[in-house]
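# Notes for the structure review
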Amino acid sequence: MLHEKLSAIYDNVLRRNPGEIEFHQAVREVLESIGPVLGKHPEYAESKIIERICEPERQIIFRVPWTDDKGEVHINRGFRVEFNSALGPYKGGLRFHPSVYLGIVKFLGFEQIFKNSLTGLPIGGGKGGSDFDPKGRSDGEVMRFCQSFMTELYRHIGEYTDVPAGDTGVGGREIGYLFGQYKRITNRYESGVITGKGLVYGGAQVRTEATGYGCSFFVQEMLKARGTSFDGKRVVVSGSGNVAIYTIEKVEQLGGVVVACSDSSGYVLDEKGIDLDLLKQIKQVERARLDVYAQRRPHATFVPGRSVWEVPGEVAMPSATQNEITGHDAATMVANGLIAVGEGANMPTTPEGIKVFQEAGIAYGPGKAANAGGVATSALEMQQNASRDSWTFEFSEQRLQEIMRDIHDRCLATADEYGMPGNYVAGANIDGFRRVADAMLALGLI
Ligand SMILES: NC(=O)C1=CN([C@@H]2O[C@H](COP(=O)(O)OP(=O)(O)OC[C@H]3O[C@@H](n4cnc5c(N)ncnc54)[C@H](O)[C@@H]3O)[C@@H](O)[C@H]2O)C=CC1
Ligand SMILES: O=C(O)CCC(=O)C(=O)O
C-alpha cells in the first residue's frame, strides 16, 4: 500500500516514464517502504527529495555502429543513466543483453542509488548498457563493439564523474577492451575510470568474486540471526555467470551444498554438489551451454526449459536476472522447505513472490542489500587506484565481509526502528534512502 503523498508521486512516475515497467516496479518497491520516514522527516517532502530521486540527473542514449567478422555493419543502441550523484560519482555496471532498453537501465540505476548508499562508501548511482548480444560473437567482434561503445561513452565518464563496471554480459574481457579504448582516446592512464579491471592493469583482488562472495556473507548473517548456518544446508542457485559461480564457491566454503544452477536453456541438478572446476571450465573458458555439464558428469541431470526453482532447497540464491521468481515459484519454494533467500541478481523476485516470502516468514535479503558486495569492492578498487596501492586477497575479502555484516546489521536495526522487525526490504530501502536524502538536503536544490 502506498502512502497518499507517495501514491501521487508514483502516478507521476508512471505518466512521465511510459512503458518502462521494470523502472516502475523498482520505484514502487522503494516508495512502499519509505512512507513511515516521511512522518519523521517532513523536510524530505518539503524539498521534494523523492520526486527528485525518481528523476535521473542525466540520461544518455547513443548509436553504436560496429562490423562483424564478415564485414557486415551492425547498429546497436548504447545507454548510460547518471541517476544520482549526491553521495559520490555515479557508479554502476554496464549490461550487454538484447533485452536492454531505457526501462531496464533506469530500474538498475535507480536500485543502484540505494544499494551504493547502503555500502556506506562515497558512490552515487548510475547504470548503462546496450542491446548488443555478445552470445556467439568472436573476441574480435566483442572488441570492436566495445571500442565503438567507448568511443561515445568516454566523454561522459571519469574518475570523479561516472565510473562504470561490469554486469550481465560484461565481464573481464569486455572491461579490458573498454578501458583500453578509453586510455587510447584520452591518452590518460586513468585507472579509476572503470572497475572490474584485470589484476595486471589496475584491478583489485576479490572484485571478480565480490558479488557472489558478498551475497553468501549476507545470507550467512541472516542465518546467524536465526540461530543457524550454511552448514549442511541444501542450496539452489540460478544462473551460471559471474555472480552464480562465486556464490557457489563461497557457499561451498561455508559448508553449504549447492545442488542446482541454471542458464537460459535450463538447469542442472547435481545431488553430489556442483563441481565448480567443471562449471568454470564450461562457462568461463568454453562459454558453452549448461547441458555440457551433464554430458561430462554422468550422475548429474540437465533439465531443459524449466525453472530451477522447482528444485527443493533450504536456501535460494537467485543470481541470473530480474523477475525470475514468480509468486507461483515462491509458493513452491516455501512448500519445499525454504528458509532463506539471498538475491545476487537485481530484482529477481516479482512483487507477488516477495509477498509470499514475507508472509511465510522467510529470511528474505533483497538484492540492493545482499548483492551490494560487488559495487562495494568496486569502491575499494577506486580507493586502491587513487592511492596507487594494491591490497592482498585476504585483506580485501575481510573488508568485504565487514561491509556485508555492517549492511546486514543496519538493515535489521532500521527495520526494528520502524517497527518492522526482520523486514530486510524495509530496512534496506529506508536506510539507503535516508543517507541519500540527507546528502541531497545538504547540497541544496540541485
Ligand atoms: N556482476 C556483478 O558484479 C553484479 C551483478 N549483479 C546482478 O546479478 C545478475 C547476474 O549478473 P552476472 O552474473 O554479472 O551476469 P553474467 O552475464 O555473468 O551471468 C548471467 C547468467 O544468468 C543467466 N541467465 C540470464 N537470463 C536467464 C534466464 N532467463 N534464466 C536462467 N538463467 C538466465 C545466464 O545464462 C548467465 O549464466 C544480474 O541481475 C546482475 O544485474 C548484481 C550486482 C553486481
Ligand atoms: O561494481 C559496480 O560498479 C557495479 C556493480 C553492479 O552493476 C551492481 O551492483 O548491480
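What counts, and where the lines are drawn
Residues numbered from 1 in each chain as written. Chains lettered and ligands numbered in written order. Predicted model: local features only at pLDDT ≥ 70, side-chain atom pairs only at ≥ 80, totals over all residues. Heavy atoms only, no water. Near = heavy atom within 4 Å. Polar contact = N/O pair within 3.5 Å; in protein donor to acceptor, adjacent residues only side chain to side chain. Areas by Shrake-Rupley, 256 points an atom, 1.4 Å probe, with all protein chains shown as cover. Nonpolar A, V, L, I, M, F, W, Y, C, P; charged D, E, K, R; others polar. Helix = DSSP H or I, 4+ residues; strand = E, 2+ residues; numbered from the N terminus. Contact = heavy atoms within 4.5 Å. Domains from an automatic or database assignment. Buried area = accessible area lost by both parts, 1.4 Å probe. Salt bridge = Lys/Arg side-chain N within 4 Å of Asp/Glu carboxyl O. Pairing = 2+ DSSP bridges. Axes fitted to C-alpha atoms, helices over the stretch in contact; angles between N-to-C directions. pLDDT = per-residue confidence, 0-100. Buried < 20%, exposed > 50% of the residue type's maximum accessible area, 1.4 Å probe, protein only.

With that settled, the discussion passes to the site of ligand 2. Neighbouring residues of ligand 2: 14 residues in total, closest Lys91, Lys115, Lys127, Arg207 and Ser378. Asn346 places a polar side-chain atom, nitrogen or oxygen, 3.0 Å from an oxygen atom of ligand 2. Against a free-state accessible area of 290 Å², the protein chains account for coverage of 96% of ligand 2. Looking at the shell around ligand 2, its residues break down into two nonpolar, seven polar and five charged.

On to the side chain of Ser191. Considering the arrangement of structural elements, one finds Ser191 in the loop between helix H7 (172-186) and helix H8 (207-225). Residues contacting Ser191, with those up to four places away along its chain left out, are Phe179, Lys197 and Asn385.

Turning our attention to the domain arrangement of the protein chain. The assigned domain composition of the protein chain is domain 1 (58-189) and domain 2 (210-361). Between domain 1 and domain 2, the contact holds ten residues from the first and eight residues from the second. Per-residue buried area on domain 1 facing domain 2 is highest for Phe107, Lys135 and Arg173; these three make up 50% of the total on that side. At the junction of domain 1 with domain 2, the criterion picks out zero salt bridges. Linking domain 1 with domain 2 are two residue pairs in polar contact (both at pLDDT 80 or more), by the criterion used here. Per element, the largest residue contribution to the side of domain 1 that touches domain 2 is four residues, and it comes from helix H5 (residues 102-118). Taken together, the residues of the side of domain 1 that touches domain 2 break down into three nonpolar, one polar and six charged.

The next subject is the sheet that holds strand E6 (residues 234-237). The strand order across the open sheet formed by seven strands is E9-E8-E7-E6-E10-E11-E12, and the pairing between neighbours is mixed. Two strands lie at the open edges of the sheet, namely strand E9 (301-304) and strand E12 (363-365), each paired on one side alone. Taken over all neighbouring pairs, the strand axes of this sheet differ in orientation by 15° on average, direction set aside. As paired strands, E6 and strand E7 (residues 257-263) are joined by three bridges and run parallel to one another. Looking across to E7, one finds that Arg234 is bridged to Val257.

Per-residue confidence for the protein chain averages 97 on the pLDDT scale, and 100% of its residues sit at or above 70. Here the predicted complex scores 0.98 on pTM and 0.98 on ipTM.

A word on the sheet that holds strand E4 (residues 125-130). If you trace the five strands from one edge of the open sheet to the other, you get E1-E2-E4-E3-E5, paired in mixed fashion. Looking at which strands have only one partner, the edges of the open sheet turn out to be strand E1 (58-67) and strand E5 (162-166). Within this sheet the neighbouring strands show an average axis-to-axis angle of 20°, counted without direction. Relative to strand E2 (residues 73-84), E1 is paired through ten bridges, and the arrangement is antiparallel. Across the sheet, Ile61 pairs through a bridge with Phe79, a residue of E2. Set on the sheet, helix H6 (residues 139-153) makes contact with E1, E2, strand E3 (90-96), E4 and E5; between it and E1 the angle comes to about 145°.

Summarising burial for E5: four of the five residues are buried, a large majority. Sheet topology places E3 next to E5; five bridges connect them, and they run parallel. Looking across to E5, one finds that Tyr90 is bridged to Asp162.

Taken together, 22 residues form the shell around ligand 1, and within it Arg95, Asp167, Gly169, Thr211 and Asn346 come nearest. Between ligand 1 and Asn242, the relevant distance is 2.9 Å, taken from an oxygen atom to a main-chain nitrogen or oxygen of the residue. Side-chain polar atom of Asn346 to an oxygen atom of ligand 1: 2.8 Å apart, as the coordinates give it. Contact with the protein chains hides 80% of the accessible area of ligand 1, taken as 820 Å² for the molecule alone. Where the shell around ligand 1 is concerned, the elements lending two or more residues are H8, helix H9 (242-253) and E7. Looking at side-chain class alone, the shell around ligand 1 contains three nonpolar, 14 polar and five charged residues.

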